[in-house]
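These are the residues of each chain, in order.
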Amino acid sequence: MTRTAPPPRLRDAIATPAGKAAYVRRLFATIADRYDLITVVLSFGLDQRWKRRLVRLAAPGPSDRVLDLACGTGDIARLAAARGADVVGLDLVPRMIEKARHRDPGRRTKLLAGDMLALPFPDAAFDLVTTGYGLRNVPDLDRALAEIRRILRPGGRVVSLDFTRPRPPVLWAVCRLYLSAVGGALGWLLHRDPDTYRYIPESLRTFPRADELVERLRRHGFVDVEWRRVLGGLLAIHVARTSRSAEARSADPIRPDRT
């Protein structure tokens, strides 16, 4: 009898860009039908408040073309569309797009499946990019930031909401314990896999802290970069824009490998 190999440990599974890409795609396809429930539970019901704050900071207007990356079931995309913006929502997982369409019967947003590392849009196609919990999940952050900058017009904005590792370390230790314990319990109850939602704290091990992400954005040519604490610094909202100078867009200090 052939013995089935055990699944790789979570940390090992996401240790390489290729491994993380495969794991994230599989993970979000698995949790798509329960995604809204999980975000409510893990955020103490505050997730919608955070997303509304993101949209207020992004301030989309009727003349703006907006791209919401890692759109999930479409919360941020719908909030931006409610302000009159022309909104496209993109997510890696087709099932998430199906759920987003179901929650948007008026078809206020355009929705499609796609990869943040190879956006299917021409240069300077959007005025605003938003993303909730998106940057932390890409297997190549530099390549994702380069793509966001490419499709933003001069003076365009990017606004991102995500978890971060807070300071002091004791606060991060408490946060990690909560996410690991509660996430592990939910993963077992819903999917018979405790690692399903333990992915969140594990993914934060290598994701830049909030202040480090500011520097990463600047290295990619973004200006006026700032961030706001959310829930005492357990999450952060980053706001940045591209230079209004067309010449500045041609100077890209980081050139990610596109092969």
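Residues numbered from 1 in each chain as written. Predicted model: local features only at pLDDT ≥ 70, side-chain atom pairs only at ≥ 80, totals over all residues. Heavy atoms only, no water.

## Details of the overall build of the protein chain
So, point 1. Counting its secondary structure elements, the protein chain contains eleven helices and seven strands.
So, point 2. A compact globule built from 259 residues should have a C-alpha radius of gyration of about 18 Å, and the protein chain, at 18 Å, falls within 12% of that.
So, point 3. Along the first, second and third principal axes, the C-alpha set of the protein chain runs to 60 × 40 × 40 Å.
So, point 4. Within the protein chain, the proportion of its 259 residues that are buried is 52%.
So, point 5. For the protein chain, the proportion of contacts with a sequence separation of at least 24, taken over those separated by at least 6, is 69%.
So, point 6. Distance between charge centroids for the protein chain: 4 Å, based on 45 positive and 29 negative side chains. (Helix = DSSP H or I, 4+ residues; strand = E, 2+ residues; numbered from the N terminus. Rg over C-alpha atoms; globule rule 2.2 N^0.38 Å. Buried < 20%, exposed > 50% of the residue type's maximum accessible area, 1.4 Å probe, protein only. Contact = heavy atoms within 4.5 Å. Lys, Arg positive; Asp, Glu negative; His and termini not counted. Charge placed at Lys NZ, Arg CZ, Asp CG, Glu CD.)

## Observations regarding the layout of surface pockets
Rolled over the atoms, a probe sized like a water molecule indicates the empty space that remains.
So, point 1. Estimates place the volume of the largest pocket at around 360 Å³.
So, point 2. Considering the residues around the largest pocket, the lining is formed by 23 residues, among which Val-24, Ala-70, Leu-92, Met-116 and Asn-137 are closest to the centre.
So, point 3. Of all the secondary-structure elements, those providing two or more residues to the lining of the largest pocket are helix 2 (17-31) and strand 2 (86-91).
So, point 4. Tallied by class, the residues present in the lining of the largest pocket amount to 14 nonpolar, five polar and four charged. (1 Å grid on protein atoms, 1.4 Å probe; cavity = no way out; pocket = protein on both sides within 12 Å on 5 of 7 lines; lining within 4 Å. Points joined across faces, edges and corners; volume = space filled by probe spheres on them. Nonpolar A, V, L, I, M, F, W, Y, C, P; charged D, E, K, R; others polar.)

## Description of the sheet that holds strand 7 (residues 235-242)
So, point 1. Spatially, seven strands are ordered 3-2-1-4-5-7-6 in an open sheet, and the strand pairing comes out mixed. Looking at the sheet topology across the chains shown, the edges are occupied by strand 3 (109-113) and strand 6 (222-230). Taking each pair of neighbouring strands and ignoring which way they run, the sheet shows an average axis angle of 15 degrees.
So, point 2. In the sheet, strand 5 (residues 152-163) pairs with strand 7 via seven bridges, with the strands oriented antiparallel. Following the sheet pairing, Ser-160 is matched in strand 7 by His-238. (Pairing = 2+ DSSP bridges. Axes fitted to C-alpha atoms, helices over the stretch in contact; angles between N-to-C directions.)

## Topic: the confidence of the model for the protein chain
So, point 1. Looking at the protein chain as a whole, its pLDDT mean stands at 89, while 91% of the residues score no less than 70.
So, point 2. In this model, residues 246-259 is a region of pLDDT below 50 whose contacts with residues beyond four sequence positions or in other chains number 26 contacts. (pLDDT = per-residue confidence, 0-100.)

## Observations concerning a positive patch on the surface
So, point 1. Positive charge collects at one region of the surface, where Arg-49, Arg-52, Arg-56 and Arg-83 lie side by side.
So, point 2. Structurally, the position occupied by Arg-83 is in the loop between helix 5 (75-82) and strand 2. (Patch = residues over 30% accessible without salt bridge, like charges linked within 9 Å, V, L, I, M, F, W, Y side chains within 5 Å. Areas by Shrake-Rupley, 256 points an atom, 1.4 Å probe, with all protein chains shown as cover. Salt bridge = Lys/Arg side-chain N within 4 Å of Asp/Glu carboxyl O.)

## Considerations on the environment of Ala-125
So, point 1. In this fold, Ala-125 is placed in the loop between strand 3 and strand 4 (126-132).
So, point 2. Distance in space between the C-alpha atoms of Ala-125 and Ala-77 is 17 Å, their sequence separation being 48 residues.
So, point 3. Contact partners of Ala-125, with chain neighbours within four places excluded, come to Arg-65 and Ile-151.

## Remarks on unusual backbone geometry
So, point 1. Between Arg-167 and the following residue, Pro-168, the backbone shows a cis peptide bond with an omega angle of 0 degrees.
So, point 2. For Ala-70, which is not glycine, the phi torsion reads 50 degrees and is therefore positive.
So, point 3. What makes Ala-70 partly exposed here is its relative accessible area of 23%.
So, point 4. Residue Asp-224 is not a glycine yet carries a positive backbone phi of 50 degrees.
So, point 5. Note on placement: Asp-224 falls in strand 6.

## Some thoughts on the pairing of strand 1 (residues 65-69)
So, point 1. Summarising burial for strand 1: four of the five residues are buried, a large majority.
So, point 2. One crossover worth recording links strand 1 to the parallel strand 2 by way of helix 5, and it is right-handed.
So, point 3. Both strand 1 and strand 4 contribute to a ladder of four bridges, which runs parallel. Paired with Leu-67 across the strands is Val-129, a residue of strand 4. (Right-handed = clockwise from strand over helix to strand, strands pointing away.)

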